[in-house]
Amino acid sequence: MALNASRKPVLDGKECDMSGWDMDNCPVRDVLDRIAGKWSTLLLEALSRQPYRFGELRRLVPDISQRMLTQTLRDLQRDGYIEREVFPTKPPSVEYRMTELGRSLFEPLSKVLRWAEANHPSVKAARVKYDESELA
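Just so you know, these numbers come straight off a predicted model, no measurement behind them.

> How would you summarise unusual backbone geometry if you had to cite specific residues and measurements?
The omega torsion of the bond from Lys90 to Pro91 falls at -10°, within 30 degrees of zero and hence cis. Here Pro91 is to be found in the loop between strand 5 (82-87) and strand 6 (93-98).

Quick look at the structure:
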């Protein structure tokens, strides 16, 4: 979303009147709050490649706690991005995989991830420059 000359928001080339929006039920905020979490994008990126068991995901993201991994997987499952399959083994094993909805989300999300990776040095340099100017 951008602003036009009259300082009104523009979405997809059309002026957007946000005065009637219910900001407490904003679909953009609702969706982005979940997928922009610290761990969600990492887990979605991993599951975009193949299904994984819980322990495998824990090893792929070693700095995530077991509690946070469990909660993030539940949140992603609740929103329909991933599914959980329990296998009747002893002990039972669980595998997580991306759903069709998750794959449809990951297509545009992967572009943001590639952009972040390619532009991370520039972002870090901008932060340093800003922080230095704030100290002066």
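> Kindly report on the nonpolar core, identifying the contributing residues and their values.
Residues Leu43, Leu44, Leu57 and Ile82 are the most contacted members of the largest nonpolar core, which totals 21 residues. Of all the elements in the fold, those that place two or more residues in this core are helix 2 (40-49), helix 4 (66-78), strand 6 and helix 5 (100-135). Take this core: its biggest share by element is 4 residues, from helix 2. Excluding residues that lie within four positions of it along the chain, Ile82 makes contacts with Leu44, Leu47, Leu73, Leu76, Gln77, Tyr96, Arg97, Met98 and Thr99.

> Residue-level account of the pairing of strand 6, with values.
When you tally the buried positions in strand 6, you get 5 out of 6 residues, the bulk of the element. In this sheet, strand 6 lies alongside strand 5 in antiparallel orientation, the contact comprising 6 bridges. The residue bridging Glu85 from the neighbouring strand is Glu95, located in strand 6. Linking two consecutive strands that pair antiparallel, namely strand 5 and strand 6, is a turn of 5 residues.

What counts and what doesn't
- Residues numbered from 1 in each chain as written.
- Predicted model: local features only at pLDDT ≥ 70, side-chain atom pairs only at ≥ 80, totals over all residues.
- Heavy atoms only, no water.
- Helix = DSSP H or I, 4+ residues; strand = E, 2+ residues; numbered from the N terminus.
- Core = buried A, V, L, I, M, F, W, Y, C linked by side-chain atoms within 4.5 Å.
- Buried < 20%, exposed > 50% of the residue type's maximum accessible area, 1.4 Å probe, protein only.
- Contact = heavy atoms within 4.5 Å.
- Pairing = 2+ DSSP bridges.

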